[in-house]
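# Structural overview for review
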Amino acid sequence: MNAKPARGATGSTGGPTGASAPNGTNGSSSGSMVRRILLGSQLRRLREECGVTREAAGYSIRASESKISRMELGRVSFKARDVEDLLTLYGVTDETDREPLLGLARESSIAGWWHNYSDVLPGWFQTYVGLEGAASRINTYEVQFVHGLLQTEDYARAVVTAGHRTEIADEEVERRVALRKERQQMLLGESAPRLLCVLDEAALRRPFGSRAIMDAQLAHLAEISEQPNVTVRVVPFELGGHPAESGAFTLLRFPESDLNDVVYLEQLTSALYLDKKDEVAQYAQVLDGLVENSLDPSASRQHLHRIRQLA
């Protein structure tokens, strides 16, 4: 998957607009994103098994080849009629086989809670929002920002402001901060995902806002890392070089066995979603190397407090 953001739009899910579902609302809306991806992968498998090209599939539903590609990647919503026609084209005529897929199509049409923030949430990022909200494990490495799920309100406001080359209206800033606050609710409750955040020391020492804002942010990191589902590990400067030479990334894992792990990468002019197993495996290996070379959770908390004292 490949989409194009404006630089600083998410800050590798740590900047102004990174989002996920608030507690109690992510079950249906984030689940709809997962169902779209699952349905898309099933349709792709059926199409390939019967030797139908994307062009031919698109023609059958009065759409383009690129529309079929987006459907198979779970990037667009599904119309029941289109799914019915595609299943017929692919030779799936038995109602027993058709109904589960049509059910997925119906369930995938549920609008995500984040659509309420469409004025400040780029369309290309909505895929990530849904995936993150449905993940059971969120493993991330950050080098420039504290991850969005762990930002204080004042720090998030400073990051939002710094991430735009032109002046941004106060109302938009507050909308983006509100979006961030809702996102963080996913870390609460019985169904909260497990978050592993590996932070390069540079992200802790790069100032956003005042000294007081940075001090509060570091204190918050130390406090939230005490939660049983949140692990914060710091890669100190003295480590020198390390495996994550390519920069920040997030690896999402899901409870559904049919859904591949996904790596999210933000670049200067694009955002990538990688789900090929060999590519994901390389990032998982890098993450393992970072964990091995970083300070353990207790030592990371001590390091956070040490940086606060030196500021």
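Structure first, text after, so check above.
Summarised in this report is the structure supplied together with it. Computed from a predicted model, the values in this text were never measured in an experiment. (Residues numbered from 1 in each chain as written. Predicted model: local features only at pLDDT ≥ 70, side-chain atom pairs only at ≥ 80, totals over all residues. Heavy atoms only, no water.)

### Details of the overall build of the protein chain
Along the backbone of the protein chain there are twelve helices and seven strands. Every one of the 311 residues in the protein chain was classed for burial, and the buried ones make up 53%. A separation threshold of at least 6 residues defines the contact pool for the protein chain, and within that pool the share at least 24 residues apart is 76%. Total accessible area on the protein chain stands at roughly 14300 Å², and carbon and sulfur atoms take up 47% of it. (Helix = DSSP H or I, 4+ residues; strand = E, 2+ residues; numbered from the N terminus. Buried < 20%, exposed > 50% of the residue type's maximum accessible area, 1.4 Å probe, protein only. Contact = heavy atoms within 4.5 Å. Areas by Shrake-Rupley, 256 points an atom, 1.4 Å probe, with all protein chains shown as cover.)

### Some remarks on the packing of aromatic side chains
One pair of aromatic rings is described through two measures. These are the centre distance and the angle between the planes. Inspection of every chain in the model, using the stated rule, returns seven aromatic pairs. Measuring from centroid to centroid gives 6.0 Å for Trp 113 and Tyr 117, while their planes differ by 80°, and the two rings are edge-to-face. Note on accessibility: Trp 113 and Tyr 117 belong to one class, buried. Feature note: the residues Tyr 128, Tyr 264 and Tyr 273 constitute an aromatic cluster, connected by ring pairs. (Phe/Tyr/Trp six-rings, centres within 6.5 Å; stacked < 30°, edge-to-face > 60°.)

### Quick word on helix 11 (residues 277-293)
Over its 17 residues, helix 11 runs 24 Å from end to end, which matches the ideal 24 Å to within 8%, given 1.5 Å per residue. If you check which residues of helix 11 are buried, you get Val 280, Tyr 283, Ala 284, Val 286, Leu 287, Gly 289 and Leu 290. Contacts from the buried residues of helix 11 go to strand 2 (137-142), strand 3 (194-200), strand 4 (230-235), strand 5 (249-253), strand 6 (262-266) and strand 7 (271-274). (Expected span 1.5 Å × (residues − 1).)

### Observations concerning the environment of Tyr 90
With respect to the helices, strands and loops of the structure, Tyr 90 is situated in the loop between helix 4 (80-89) and helix 5 (95-107). Between the C-alpha atom of Tyr 90 and that of Leu 43, which follows or precedes it by 47 residues, the distance is 8.7 Å. With sequence-adjacent residues up to four places away left out, Tyr 90 is seen in contact with Leu 43, Leu 46, Arg 47, Cys 50, Val 52 and Ala 57.

### Quick look at the environment of Gln 151
Structurally, the position occupied by Gln 151 is in the loop between strand 2 and helix 7 (153-162). What makes Gln 151 buried here is its relative accessible area of 1%. Taking the C-alpha atoms as reference points, Gln 151 and Leu 221, 70 residues apart in sequence, are found 8.0 Å from one another. There is a polar contact of 2.8 Å between the side chain of Gln 151 and the backbone oxygen of Val 146. (Polar contact = N/O pair within 3.5 Å; in protein donor to acceptor, adjacent residues only side chain to side chain.)

### A few points about the pairing of strand 6
Most of strand 6 is tucked away, with five of its five residues classed as buried. Burial of strand 6 is two-sided: the residues Val 262, Tyr 264 and Glu 266 facing one way and the residues Val 263 and Leu 265 facing the other way are all buried. Note: strand 5 against strand 6, three bridges, orientation antiparallel. If you follow Leu 251 over to strand 6, its bridge partner there is Val 263. Across four bridges, strand 6 lies against strand 7 in antiparallel orientation. Bridging from a neighbouring strand, Leu 265 pairs with Leu 272 of strand 7. (Pairing = 2+ DSSP bridges.)

### Describing the packing of helix 7 against helix 8 (residues 170-184)
Close contact between helix 7 and helix 8 brings their axes to 9 Å; oriented N to C, the two are set at 130°. Comparing their axes, helix 8 and helix 7 come out oblique. Here the hand of the crossing between helix 7 and helix 8 comes out right-handed. On helix 8, the residues that touch Glu 153, Ala 156, Arg 157, Val 160 and Thr 161 of helix 7 are Val 173, Glu 174, Arg 176, Val 177, Arg 180 and Lys 181. (Axes fitted to C-alpha atoms, helices over the stretch in contact; angles between N-to-C directions. Parallel < 35°, antiparallel > 145°, perpendicular 65-115°, else oblique. Left-handed = near helix turned anticlockwise from the far one by under 90°.)

### Remarks on the nonpolar core
One recurring pattern in soluble globular proteins is that nonpolar side chains are buried together. With 50 residues, the main nonpolar core has Leu 131, Leu 150, Tyr 155, Leu 187, Leu 204, Leu 221 and Phe 254 as its most contacted residues. A per-element tally of this core places helix 10 (residues 211-224) first, with six residues. Of all hydrophobic cores here, the second largest spans 19 residues; its members include Leu 46, Val 52, Ile 61 and Val 76. (Core = buried A, V, L, I, M, F, W, Y, C linked by side-chain atoms within 4.5 Å.)

### So, the pattern of salt bridges
Scanning the model with the defined rule gives 20 salt bridges in all. Its salt-bridge partner being Arg 45, residue Glu 49 comes within 3.1 Å of it at the nearest N-O pair. Placement of both Glu 49 and Arg 45 in helix 1 (residues 26-49) is noted, with a separation of four residues, approximately one turn of the helix. Relative accessible area serves as the criterion here: at 58%, Glu 49 is assigned to the exposed category. Glu 201 is paired through a salt bridge with Arg 205; the nearest N and O atoms lie 2.5 Å apart. With Glu 201 and Arg 205 both in helix 9 (residues 201-205), this residue pair falls four residues apart, about one helical turn. Judged by relative accessible area, Glu 201 falls into the buried class, the value being 2%. Overlapping salt bridges bring together Glu 153, Asp 154, Arg 157, Glu 174 and Lys 181 as one network. (Salt bridge = Lys/Arg side-chain N within 4 Å of Asp/Glu carboxyl O.)

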